[in-house]
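Spelled out from the first residue to the last, the chains are:
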Protein chains: 2
Amino acid sequence: MRYFMIFTYDGSKFSGYQKQFNCRTVQGELERILTMINGNKKVLISASGRTDTGVHALNQTAHFDLDKDINLEKLKHSLNSLLPNDIYVKKIEKVDDYFHARFKVKAKEYIYIINVGEYNPIEFNYVYQLNHNLNIEAMSEALGYLEGKHNFKSFTPSADLRQDYIRTIIKTRISIMDNKITISLLGTGFMRYMVRNIVGLLIEIGEEKRKASDIITILEAQDRTKAGKTAPANGLYLKNVFY
Amino acid sequence: MRYFMIFTYDGSKFSGYQKQFNCRTVQGELERILTMINGNKKVLISASGRTDTGVHALNQTAHFDLDKDINLEKLKHSLNSLLPNDIYVKKIEKVDDYFHARFKVKAKEYIYIINVGEYNPIEFNYVYQLNHNLNIEAMSEALGYLEGKHNFKSFTPSADLRQDYIRTIIKTRISIMDNKITISLLGTGFMRYMVRNIVGLLIEIGEEKRKASDIITILEAQDRTKAGKTAPANGLYLKNVFY
């Protein structure tokens, strides 16, 4: 029996999504509880992808297999009553055996939130505290250049040896409300640190240290050293996964 | 030289505002840093009042005395660069020697936030996760009965032996947005647990376990056992202090 779930987590107290020895991880907690529910028979889960330490997820997805056909409402209730406070399962469905939470992903949406107003200690883990103004028009122009199919080698660590750096950014958005800028990126796939590296460059453009159109030459360079810093993890949220 | 400051803190990782031996407190952190800035000559601060463990403050106020006349912008900057991430000083002013941050308070505003939608792990420390609907009309009616001058003995622990339980609630408000209810209470003064005990009763009224008008007889009873439970600390914010 294959199950599919949508879940939310607060990334602040996890060493990222992916299971690691001697670290508190989202996958580790979910597998521990699912294994308990499965009568201590080991359950492994496959998520849509990992998120790094400190990164949050509003609607992360995963699949897993259980021997039994469990009532979905009961399963959701058991999971949520046994999981720690910082993970919550929103929805569970039964899916076909050929469904795969990672391989079947069509698109993902990430959002990144920046406080351009005064420092706010209450949102320290949840909003990047930049605390100075940005030129949103310039950032919006730069986001426009990112849309479409590009080689994003300049936006992922050079240590990443994968062959294919081509990704499609389907849609970008930027908005501001109450001194908080929200940047949204919808794309077919994102490589490690890609969103945070894009945001890091966008901030430099918003600070008018670089021109919006610089993003075109940076994409063409296919060279990580040409882009900007990596924006911190705390402002990043995996918002949606589309199948 | 007497200084007045307005500051914000995230109550989640403090054992309340008030200094205690071997506990991390807001007052303890502020006095530790101010003492450093004062050349290790002990600085004591007087706040508008304490807040309990887990309670947040958007605009808490305090005064303190320093030997030297320090530039206010420099003092604010030094304080914020030395303070931990979960406290932030928004404003510092010089005040007359007779000013007192507690005795001169004219009114205080507290807000309490309740999530009546689905559980959200990301706001666990910042919004009370009730996660079911409430009858806001009934709660609003009940809030109306609270306005004015009343004996609030039913809303503070009976262990509190102070003589005067009379307080004035100047203005109340309730609103809902995105499944979050915000209750605001503006009053001349609040006793220990008073806001959380009022909110606890309001929730029972919103759940239709009690009638809105029950609040009248509960006030008259002057008996803590007649009111409701104490709402959790995490939804409570000291919003403003008025002088």
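Residues numbered from 1 in each chain as written. Chains lettered and ligands numbered in written order. Predicted model: local features only at pLDDT ≥ 70, side-chain atom pairs only at ≥ 80, totals over all residues. Heavy atoms only, no water.

Details of the pattern of salt bridges
And step 1. Counting across every chain of the model gives 31 salt bridges over all chains.
And step 2. Among the salt bridges present, the one from Lys91(A) reaches Glu93(A), with a minimum N-O distance of 3.4 Å.
And step 3. Lys91(A) sits in the partly exposed class, given a relative accessible area of 42%.
And step 4. With a shortest N-O distance of 3.8 Å, Glu118(A) and Lys76(B) are connected by a salt bridge. Note that Glu118(A) is positioned in the loop between strand S5 (107-115) and strand S6 (128-129) and Lys76(B) in helix H2 (residues 72-82), a pairing that runs across two chains.
And step 5. Through salt bridges that share partners, Lys19(A), Glu31(A) and Lys42(A) make up one connected network. (Salt bridge = Lys/Arg side-chain N within 4 Å of Asp/Glu carboxyl O. Buried < 20%, exposed > 50% of the residue type's maximum accessible area, 1.4 Å probe, protein only. Helix = DSSP H or I, 4+ residues; strand = E, 2+ residues; numbered from the N terminus.)

Examining the side chain of Ser48(A)
All names here are of chain A.
And step 1. Turning to its location among the elements, serine 48 is positioned in the loop between strand S2 (45-47) and strand S3 (56-65).
And step 2. Looking at serine 48, its side chain comes within polar contact range of the side chain of glutamine 60, at 2.6 Å.
And step 3. With residues near it in sequence (within four places) discarded, serine 48 still touches Gln60, Thr61, Ala101, Arg102, Val105, Lys108, Leu238, Val241 and Tyr243. (Polar contact = N/O pair within 3.5 Å; in protein donor to acceptor, adjacent residues only side chain to side chain. Contact = heavy atoms within 4.5 Å.)

Here's the deal with the domain arrangement of chain A
Residue and element names in this part refer to chain A.
And step 1. Split by domain assignment, chain A resolves into domain 1 (2-95) and domain 2 (107-242).
And step 2. Taking the mean C-alpha position of each, domain 1 and domain 2 sit 28 Å from one another.
And step 3. The interface is formed by 16 residues belonging to domain 1 together with 16 residues belonging to domain 2.
And step 4. Taking both partners together, domain 1 and domain 2 bury about 1,200 Å²; carbon and sulfur atoms supply 53% of that area.
And step 5. When the buried area of domain 1 at its contact with domain 2 is split by residue, Asp52, His56 and Leu58 rank highest and sum to 41% of it.
And step 6. Along the contact surface separating domain 1 from domain 2 lie 1 salt bridge. (Domains from an automatic or database assignment. Buried area = accessible area lost by both parts, 1.4 Å probe.)

Observations concerning unusual backbone geometry
And step 1. A positive phi angle is found at Asn179(A), which is not glycine, with a value near 65 degrees.
And step 2. You can see Asn179(A) is positioned in the loop between strand S8 (166-177) and strand S9 (180-187).
And step 3. Judged by relative accessible area, Asn179(A) falls into the partly exposed class, the value being 42%.
And step 4. A positive phi angle, close to 65 degrees, is found at Tyr193(B), a residue other than glycine.

Here we look at the interface of chain B and chain A
And step 1. Taken together, the 22 residues of chain B in the interface contact 22 residues of chain A.
And step 2. Both sides of the chain B and chain A interface together cover about 1,600 Å² of buried area, and 63% of this is carbon and sulfur.
And step 3. In this structure, the connection of chain B to chain A is made through 2 salt bridges.
And step 4. Joining chain B to chain A, the criterion identifies 4 residue pairs in polar contact (both at pLDDT 80 or more).
And step 5. Of all the secondary-structure elements, those providing two or more residues to the side of chain B that touches chain A are strand S1 (2-9), strand S3 (56-65) and strand S4 (87-95) of chain B.
And step 6. Broken down by class, the residue content of the side of chain B that touches chain A amounts to 11 nonpolar, 5 polar and 6 charged. (Nonpolar A, V, L, I, M, F, W, Y, C, P; charged D, E, K, R; others polar.)

Points about the packing of helix H3 (residues 136-146) of chain A against helix H4 (residues 194-206) of chain A
Residue and element names in this part refer to chain A.
And step 1. Axis separation between H3 and H4 bottoms out at 8 Å; the angle between their running directions is 140 degrees. Classified by the angle their axes make, H3 and H4 are oblique. Pair H3 / H4 crosses with right-handed handedness. Within the contact between the two elements, H3 uses Ala138, Met139, Ala142, Leu143 and Leu146 and H4 uses Ile198, Leu202, Ile203, Ile205 and Gly206.
And step 2. Tallied by class, residues from the contact of H3 with H4 come to 9 nonpolar, 1 polar and no charged. (Axes fitted to C-alpha atoms, helices over the stretch in contact; angles between N-to-C directions. Parallel < 35°, antiparallel > 145°, perpendicular 65-115°, else oblique. Left-handed = near helix turned anticlockwise from the far one by under 90°.)

Description of the relation of the copies chain B and chain A
And step 1. When chain B is brought onto chain A, the operation consists of a screw motion whose angular component is 180 degrees and whose axial shift is 0.0 Å, with 0.0 Å RMSD remaining. These values place the two chain copies in the arrangement generated by a two-fold rotation axis. Distance from the rotation axis, computed per C-alpha, reaches its smallest value in chain B at Glu123(B): 4.9 Å.
And step 2. The fraction of interface residues of chain B whose copies in chain A are also interface residues reaches 100%, indicating that both copies meet through the same surface. (Least-squares fit on C-alpha atoms with pLDDT ≥ 70 in both.)

Topic: helix H5 (residues 214-221) of chain A
Residues and elements named next belong to chain A.
And step 1. Looking only at H5, the buried set comprises Ile215, Ile218 and Leu219. Angular distribution of buried residues about the axis of H5 spans 100 degrees; they occupy a single face of the element.
And step 2. On its buried face, H5 sits against H3, strand S7 (148-151) and H4.
And step 3. Two residues or fewer past H5, glutamine 222 is found with a positive phi of approximately 50 degrees. (Arc of directions from axis to C-beta.)

Notes on the packing of aromatic side chains
The description of an aromatic ring pair rests on the distance of the ring centres and on the angle between the ring planes.
And step 1. What the rule picks out here adds up to 21 aromatic pairs over all chains.
And step 2. Taking the centre distance of 5.2 Å and the plane angle of 75 degrees together, the rings of Phe4(B) and Phe99(B) count as edge-to-face. One end of the pair, Phe4(B), is in strand S1; the other, Phe99(B), is in the loop between S4 and strand S5 (107-115), and 95 residues separate them in sequence.
And step 3. Residue Phe4(B) is classed as buried on the basis of its relative accessible area of 7%.
And step 4. A relative accessible area of 13% means that Phe99(B) is categorised as buried.
And step 5. On the basis of an interplanar angle of 75 degrees and a centroid distance of 6.5 Å, the ring pair of Tyr112(B) and Tyr128(B) is categorised as edge-to-face. With Tyr112(B) in strand S5 and Tyr128(B) in strand S6 (residues 128-129), this residue pair connects regions lying 16 residues apart in the sequence. For the residue pair Tyr112(B) and Tyr128(B), the accessibility class agrees, reading buried in each case.
And step 6. Three or more aromatic residues joined by ring pairs form one cluster here, namely Phe4(A), Phe99(A) and Tyr243(A). (Phe/Tyr/Trp six-rings, centres within 6.5 Å; stacked < 30°, edge-to-face > 60°.)

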